[in-house]
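# Overview (structure and organization)
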2 protein chains.
Amino acid sequence: MQATMMDVPLSLNHFLDRAGTLFKHNRIVSRLPDKSLRTMSYGQWHRRTRALGSALQRLGLRPGDRVATLGWNHHAHLEAYFGIPAAGGVMHTLNLRLSPDELGWIAADAQDRFLIVDDVLLPLYRQFAHLHAFEQVIVFPFSGAPVPAEFADYEALLAEADPDGFVYAEHGENDPVAMCYTSGTTGRPKGVVYSHRSTVLHTLAASLADHWGLRSSDVVLPVTPMFHANSWGMPYGAVMLGVPLVFPGPHLHPEDLLDLMQLEPPTLALGVPTIWLGLIQAYERALETTPGRWRLPQGMRSLVGGAAVPESLIRAFARHGVIIVQGWGMTETSPLATVSYPRAELRDAGEDERFRRAAMAGIAAPLIELRLVTDEGRVAPWDGQTMGEIQVRGPFITGSYHGVPRSEDKFIGDDRGQLWLRTGDVATLDDLGFLRITDRTKDLIKSGGEWISSVDLENALMAHPAVAEAAVIAIADEKWGERPLACVAFKPGQNAAPDALNAHLLQHGFAKWQLPDRYQTIDAVPRTSTGKFSKLKLRQMFPR
Amino acid sequence: MQATMMDVPLSLNHFLDRAGTLFKHNRIVSRLPDKSLRTMSYGQWHRRTRALGSALQRLGLRPGDRVATLGWNHHAHLEAYFGIPAAGGVMHTLNLRLSPDELGWIAADAQDRFLIVDDVLLPLYRQFAHLHAFEQVIVFPFSGAPVPAEFADYEALLAEADPDGFVYAEHGENDPVAMCYTSGTTGRPKGVVYSHRSTVLHTLAASLADHWGLRSSDVVLPVTPMFHANSWGMPYGAVMLGVPLVFPGPHLHPEDLLDLMQLEPPTLALGVPTIWLGLIQAYERALETTPGRWRLPQGMRSLVGGAAVPESLIRAFARHGVIIVQGWGMTETSPLATVSYPRAELRDAGEDERFRRAAMAGIAAPLIELRLVTDEGRVAPWDGQTMGEIQVRGPFITGSYHGVPRSEDKFIGDDRGQLWLRTGDVATLDDLGFLRITDRTKDLIKSGGEWISSVDLENALMAHPAVAEAAVIAIADEKWGERPLACVAFKPGQNAAPDALNAHLLQHGFAKWQLPDRYQTIDAVPRTSTGKFSKLKLRQMFPR
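Just so we're clear, the structure is a prediction, and the values are computed from it rather than from any experiment.

The next thing to look at is helix H13 (residues 454-462) of chain B. Residue and element names in this part refer to chain B. Counting buried positions over the nine residues of H13 gives eight, a clear majority of the element. Here H13 has its buried residues at Ser-454, Val-455, Leu-457, Glu-458, Asn-459, Ala-460, Leu-461 and Met-462. For H13, the capping residue at the N-terminal end is Ser-453, with a side-chain oxygen 3.3 Å from the backbone nitrogen of Val-455.

Below, the structure written as structure tokens:
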């Protein structure tokens, strides 16, 4: 017998039309380079997005063609998110924090035909223009200045286009909509290509009540760059449910974000831990120096991911009425694969236990299967102790990389013929299914045959009142193989001796053999292109 | 270019294994025929469900074979929901409120091979056993009595089965998992067959924060029968997220439900309006006669659907701290197609406006497209005025009926070649996309070329303090064609004259020509097999 259900392909175009009809009165706010705010309605955005689709088709876009974007978080980037796929193209977000060489290599690897670039980023574009010849460069006049004559003007293209006459490109649900390159800490960056299907499924799973919990009453502030794993997919969720958006534009300093939160208070914000670390420090300083300058939106949820979140950071925000929601994922996982949420089973657990859980990576989202595989290739038990590499599979997990043969070090089959992605992250899983990231495979410190988690040491150090930031890397040791080196940045005017920090770690339950052998004072932990702590740069600063 | 995402089919088996691993400590409570409670964990349920799958395979179940169920809401029915598809079968829920003739006809039409039946329903089974020969009848000893020797014993089958060695039947995502027959007010009942894909997509969309808002902290009481549109899909959502369940068994009287709510307080309950109408009346009576006997769970959400919900009912529950959430759908739509939720755009609207919106059918869920088509075949504007038949499409909407050629009166194509389901419900859509059901096509009263909505009259009449229930049907009229007849059941010891009721309707904004020509006092509105008001039976009582 056969099911009688309609054969309707999953499609981003459906989200676009929903927003334009059901939610047309809701607002999209963008902060411009001069810090003023530009506001439009979802209804206007819907017309502009269809106009973009129409303009791209008129420029000769063919199904599957890549259109690169090089831009900050703003309404026009959101137009690209939907307008490019609506026309049949694939949006390829270029990471503006990469070097010109990397950008040129990536644009060439993706064979990008067109580029949509913020005018304020033209200087960066000019540095890699010689490495890849885009057929058409479309400049979004983000600053309001006239577009240089040698480029196409984004606003002029939209003004000439016909949103009413626009016809969506036909597509199947497995057709591509977007691509994003991994940061590629080893080897060349690799492209992940998302489909209508994977994006719609990810959006539904990520929006669930215990995950993002996206509601009509929300106002979302995406600090996570739109060039970083699709801003974790939030733009798709906001459009699906017509949720008002506040885009920070290029202004990502803690003071700028706090200012913006006063003007347009969000109920939901998202960003990497380092953003929130800087923000809470600026906020707490201001409480002492200029009380009344800012007020954190009460009850705001902050989605934090992309790196482990220290428990001390979660507690600090909780003191100020903000709920940190931690998730785990990567470009390859669309990205949301796990979320930590308050499980009913822990209702009677104490506050300490609840914060301990909140500092974990959380529970696998629906549609995601997750397992840990030990060094010896065995599937680890869910005992909260046994460490193993996280492997994942599911309909919004990548099964290969663009233009690269599938290799055993990234993908592995099981005895049922199912494919798993090897994430390179090492973790434990406990009885309730809580995933706790202990390290990146390559960041674990192997001391005398035992593993020491650099992440655990860092989180404990950042709970010390004098410490602003901490990162731990391995240094070579004749006797033990590797030993931990702790790089510590202190808060302004504060300090702590290695002995005091070690005493603090012993109090936090570390064994003596796990304590760092050396402490190194630094100004700040260097950052990756996506704003995470860069252990690669630290290792270059402090070679083994 | 091709997307790089994994090809992983959507599957109910994934939900089943999630519940058994991530949520194994959570509880499933069932009320037994003797009103005692049986509690098991999701971990135990997972083993029993796999044991059922294994037992069915051993009995010779082949992929696509139908296994009928005839049962109340309890854990074993939930085992059938997942165990039958896990073994490759199709669960076919038989509606125990139908006549034996109808049941026999439906079982034969579906070619059910096996039947799983509650022991307390064997008398009903015996009345239609001669109409369809099931190969195997498996009796669930719900009452605890020994199973008659001529039948297979459900518990014995499970005890002999091997849950650990069970291997899921291979399937594609479009393979069938369940079937349900429409109530069929005209002509024979027709079968709708759901797939893994449609069920998973419906579960994700229905669980969203503004819809069911299913959370780990919820406790769900499904009063909606599991044989009625899959209990609106809630069993799938609860299993996906491991949410504790409280099943009422056969005890659906208001007093029984209120008793159960004291023992196992739910945060989320679901049922048709007549259930909640009876419940609030019993509750308010008890407040006067036996105060302190019951307390409604504060903050509980009640999902109500299957028929229009009077605003007076929503207000009555709100007075007692319970939030009524209205949705609209039908067996053909999986069923949730729209939900009414508080839109941010209405934040500053007054309480009256919010209650008015809460009494509407609500907003189309993601993945659902919705349009109204007028009598003249034109797509109606979203003006809150123009009435048209609701037509829907989407990946969890049926595109045909089992074994019946697709007919123009149920399915219609548009000029883009897209298929739409004709629902037979008539509604308006307003600027914000709120759907307001005005009637079933066949229940509209056509008076002098104008339509009068029977639903609007009923809801206004039920807001009168003396009225317990009201239903309006058309009677023939020489001059006008049709005129309204109002059938009214008064609250105990209360009454109101036709003139008083008409004055009440005029106050509620009805025009004089819309007022009922006749009032008929009845004891109660007769019910359909799914507990809704039966206008068919009323028409038989009061022929035109």
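Here we take up the side chain of Glu-389 of chain B. All names here are of chain B. Mapped onto the elements, Glu-389 comes out in strand S18 (residues 388-393). Assessed through its relative accessible area of 13%, Glu-389 is described here as buried. Looking at Glu-389, its side chain comes within polar contact range of the main-chain nitrogen of Gly-424, at 2.9 Å. Setting aside its immediate chain neighbours within four residues, Glu-389 contacts Arg-371, Leu-372, Val-373, Arg-422, Thr-423, Gly-424, Asp-425, Val-426 and Thr-441.

A separate point is the sheet that holds strand S7 (residues 152-153) of chain B. Strands belonging to one sheet form pairs held by backbone hydrogen bonds; the direction of such a pair is parallel or antiparallel. Residue and element names in this part refer to chain B. Strand order across the open sheet formed by seven strands is S7-S6-S5-S3-S4-S8-S9, with mixed pairing between neighbours. What marks the edges here is a single partner per strand, and that holds for S7 and strand S9 (191-195). Across five bridges, the pairing between strand S5 (residues 114-118) and strand S6 (residues 136-140) is parallel. What sits directly across from Val-117, in S6, is Val-139. Together, strand S3 (66-70), strand S4 (90-93) and strand S8 (176-181) form the strand contacts of helix H4 (residues 100-110), whose direction differs from that of S8 by roughly 150°. Docked against the sheet, helix H7 (residues 196-207) engages S8 and S9, running at close to 80° with respect to S9.

The residues that UniProt annotates with the feature "domain: AMP-binding enzyme C-terminal" (unreviewed entry) are residues 457-532 of chain A. Each end of residues 457-532 of chain A is marked by a C-alpha atom, and these two atoms are 17 Å apart; helix forms 21% of the span and strand 33%.

Time to look at the domain arrangement of chain A. According to the domain assignment, chain A contains domain 1 (12-185), domain 2 (253-343 + 351-394 + 422-439) and domain 3 (443-541). For domain 1 of chain A and domain 3 of chain A, the distance between their C-alpha centroids amounts to 41 Å.

Moving on: the interface of chain A and chain B. Interface size, as often reported, equals the accessible area lost upon joining of the parts. On the chain B side, the residues contacting the 78 residues of chain A number 78 residues. Where chain A abuts chain B, roughly 5,900 Å² becomes buried across the two surfaces, and 61% of that area is made up of carbon and sulfur atoms. On the surface where chain A and chain B come into contact, there are six salt bridges. The interface formed by chain A and chain B includes 36 residue pairs in polar contact (both at pLDDT 80 or more). Listed by contribution, the elements that provide at least two residues to the side of chain A that touches chain B are helix H1 (12-22), strand S8 (176-181), strand S9 (191-195), helix H7 (196-207), helix H8 (234-241), strand S16 (363-364), strand S18 (388-393) and strand S20 (419-429) of chain A. Here the side of chain A that touches chain B takes seven residues from H7 of chain A, the largest share from any one element. Residues of the side of chain A that touches chain B, tallied by class, amount to 44 nonpolar, 21 polar and 13 charged.

The rules behind the values
- Residues numbered from 1 in each chain as written.
- Chains lettered and ligands numbered in written order.
- Predicted model: local features only at pLDDT ≥ 70, side-chain atom pairs only at ≥ 80, totals over all residues.
- Heavy atoms only, no water.
- Buried < 20%, exposed > 50% of the residue type's maximum accessible area, 1.4 Å probe, protein only.
- Helix = DSSP H or I, 4+ residues; strand = E, 2+ residues; numbered from the N terminus.
- Polar contact = N/O pair within 3.5 Å; in protein donor to acceptor, adjacent residues only side chain to side chain.
- Contact = heavy atoms within 4.5 Å.
- Pairing = 2+ DSSP bridges.
- Axes fitted to C-alpha atoms, helices over the stretch in contact; angles between N-to-C directions.
- UniProt positions renumbered as here; feature names shortened; annotations may be inferred.
- Domains from an automatic or database assignment.
- Buried area = accessible area lost by both parts, 1.4 Å probe.
- Salt bridge = Lys/Arg side-chain N within 4 Å of Asp/Glu carboxyl O.
- Nonpolar A, V, L, I, M, F, W, Y, C, P; charged D, E, K, R; others polar.

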